[in-house]
Amino acid sequence: MTQKISVLIIEDEKSICDFVAKTLQSHDYKTMAVQNGKDGLAQLTSALPDIVLLDLGLPDMDGMDIIKQTRQWSSVPIIVISARAQEKEKVAALDSGADDYITKPFGTNELLARIRTAIRHNNKIVDDPVNANRPYSAGGLKIDFEKRLVTVDGKEVHLTRVEYKIVSLLAKNSGKVMTYDSLINQVWGPYADGNNRILRVNMANIRRKLEANPGEPKYIFTELGIGYRMLEDESLA
Ligand code: CA
């Protein structure tokens, strides 16, 4: 018998809490729900959930403090539930160690996809190296990391070294948001200018090469004010 994946929901809005719990239970997850930060931190240490869904606006504390405290001792995936449109808050949560976010109102498919992706990326640390280099494939886009070969519908796409680096980072994190800062850091190094312009220029070129309609991308999505998210690898979805 396999153990069910356990999800801790820290959310004071009852309707959202119930929706999430019901959805997850019907998809074979085990759920625990608490309505405030204090109980959330207590459950984190006593129940050791496999994943956490965290509302940033809790009655007794800022969800950001829960992220920071948890990250001092645990790498459990944390997905922020955000009602707020403020990108700054989401970026701050991601920078503090949250793995991803989901914006209210959200649907079942989005919720399940975020959870699946966060768990998969969390497990990757212990994955064998063969798995880490397995090709990416979604829609007509394929990336062979060993050959550094990118194809769309079977046709080879020529990317510059920097473009390839951006695309392969996004592909290895497929389904998960990557902030502008984390991409810039990993492509140009920690001393790079934090300005997004060079990243945006490269992304425009990448989209021209990969997307049939760069204005309506189907492989790499813009998360406005936050970063980019690449279509989840279909063999893992
Ligand atoms: Ca709330």
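This structure is a prediction, so every number in the text was calculated from the model and none was measured. Along each chain, residue indices are assigned from 1 in the same order as the chain's sequence is written. Local features in this predicted model are restricted to residues of pLDDT 70 or higher, and side-chain atom pairs are both shown and tallied only at a pLDDT of 80 or more, whereas totals for entire chains, interfaces and linings draw on every residue. For the side-chain quantities, the full set of heavy atoms in the structure was used; hydrogens and water were omitted.

The subject of this paragraph is the pairing of strand β1 (residues 6-10). Judged by how many residues are buried, β1 sits mostly within the fold: 5 of 5 residues are covered. With 5 bridges connecting them, β1 and strand β2 (residues 30-34) associate as parallel partners. Counterpart to Ser-6 in the pairing with β2 is Lys-30. Handedness of the crossover joining β1 and β2 through helix α1 (residues 14-26): right-handed. We call a residue buried when its accessible area falls under 20% of the maximum for its residue type, exposed when it is over 50%, and partly exposed in between, using a 1.4 Å probe and counting protein chains only. In DSSP terms, a helix is any run of H or I states spanning at least four residues, a strand is any run of E spanning at least two, and both are numbered starting from the N terminus. Strand pairing is defined by DSSP finding a minimum of two bridges between the two strands. A right-handed crossover is one whose linking path, passing over the helix from the first strand to the second, runs clockwise when the strands point away from the viewer.

On to the sheet that holds strand β11 (residues 220-223), then. The 3 strands are arranged β10-β12-β11 in an open sheet whose pairing can be described as antiparallel. The open sheet has two free edges, formed respectively by β10 (177-179) and β11, since each of these has just one partner strand. Ignoring which end each strand starts from, the neighbouring axes of this sheet average 30 degrees apart. Both β10 and strand β12 (residues 227-230) contribute to a ladder of 3 bridges, which runs antiparallel. Each bridged residue has a counterpart across the sheet, and for Val-177 the counterpart in β12 is Arg-229. For helices, the fitted line uses only the C-alpha atoms of the stretch in contact; every axis is such a line through C-alpha atoms, and the angle between N-to-C directions lies from 0 to 180 degrees.

On to the coordination of the calcium ion. For a metal with four donors in a tetrahedral arrangement, the ideal angle between donors is 109.5 degrees, while six donors in an octahedron ideally sit at 90 or 180 degrees. At 2.2 to 2.3 Å from the calcium ion lie its protein donor atoms, namely Asp-12 (OD), Asp-55 (OD) and Gly-57 (O). For Asp-12, a relative accessible area of 34% gives the class partly exposed. For Gly-57, a relative accessible area of 28% corresponds to the partly exposed category. Only N, O and S atoms count as donors, using a 2.8 Å cut-off from the metal and 3.2 Å for Na, K and Ca, and because water is excluded some sites may appear unfinished.

Side chains that are nonpolar tend, in soluble globular proteins, to be buried together. Among the nonpolar cores identified, the biggest contains 28 residues, and Leu-141, Ile-143, Leu-170, Leu-210, Ile-220 and Met-230 are the most heavily contacted of them. When residues of this core are traced back to their parent elements, those giving at least two are β6 (136-138), β7 (141-144), β8 (149-152), α7 (161-172), α8 (180-188), α9 (197-210) and β12. At 6 residues, the largest contribution of residues to this core is made by α7. Throughout, a contact is declared for two residues whenever any of their heavy atoms are within 4.5 Å. In contact with Ile-143, not counting residues within four places along its chain, are Pro-135, Tyr-136, Leu-149, Val-150, Tyr-164, Val-167, Ala-171 and Met-230. Grouping buried Ala, Val, Leu, Ile, Met, Phe, Trp, Tyr and Cys residues that are joined through side-chain atoms within 4.5 Å yields what is termed a nonpolar core. By size, the runner-up hydrophobic cluster in this structure holds 24 residues, among which are Ile-10, Leu-44, Leu-54 and Leu-94.

A separate point is the packing of aromatic side chains. What counts as a ring pair is set by centres within 6.5 Å for rings of Phe, Tyr and Trp (its six-membered ring), and what kind of pair is set by the plane angle: stacked under 30 degrees, edge-to-face over 60, tilted for all other angles. One pass over the structure, following the stated rule, counts 2 aromatic pairs. Taking 6.0 Å as the distance between ring centres and 50 degrees as the angle between the ring planes, the aromatic pair formed by Phe-19 and Phe-106 counts as tilted. With Phe-19 in helix α1 and Phe-106 in the loop between β5 (100-103) and α5 (108-123), this residue pair connects regions lying 87 residues apart in the sequence. Ring geometry for Tyr-180 against Tyr-228: centres 5.5 Å apart, planes inclined by 85 degrees, an arrangement best described as edge-to-face. Residue Tyr-180 is found in helix α8, and its partner Tyr-228 is found in strand β12; the two are separated by 48 residues along the sequence. Here Tyr-180 falls in the buried class, since its relative accessible area comes to 12%. Accessibility expressed as a relative area gives 3% for Tyr-228, which makes it buried. Taking NZ or CZ as reference, Lys-172 lies 4.5 Å from the ring centre of Phe-145, over its face. Charge over a ring is defined by NZ of Lys or CZ of Arg lying within 6 Å of the ring centre and within 35 degrees of the ring normal.

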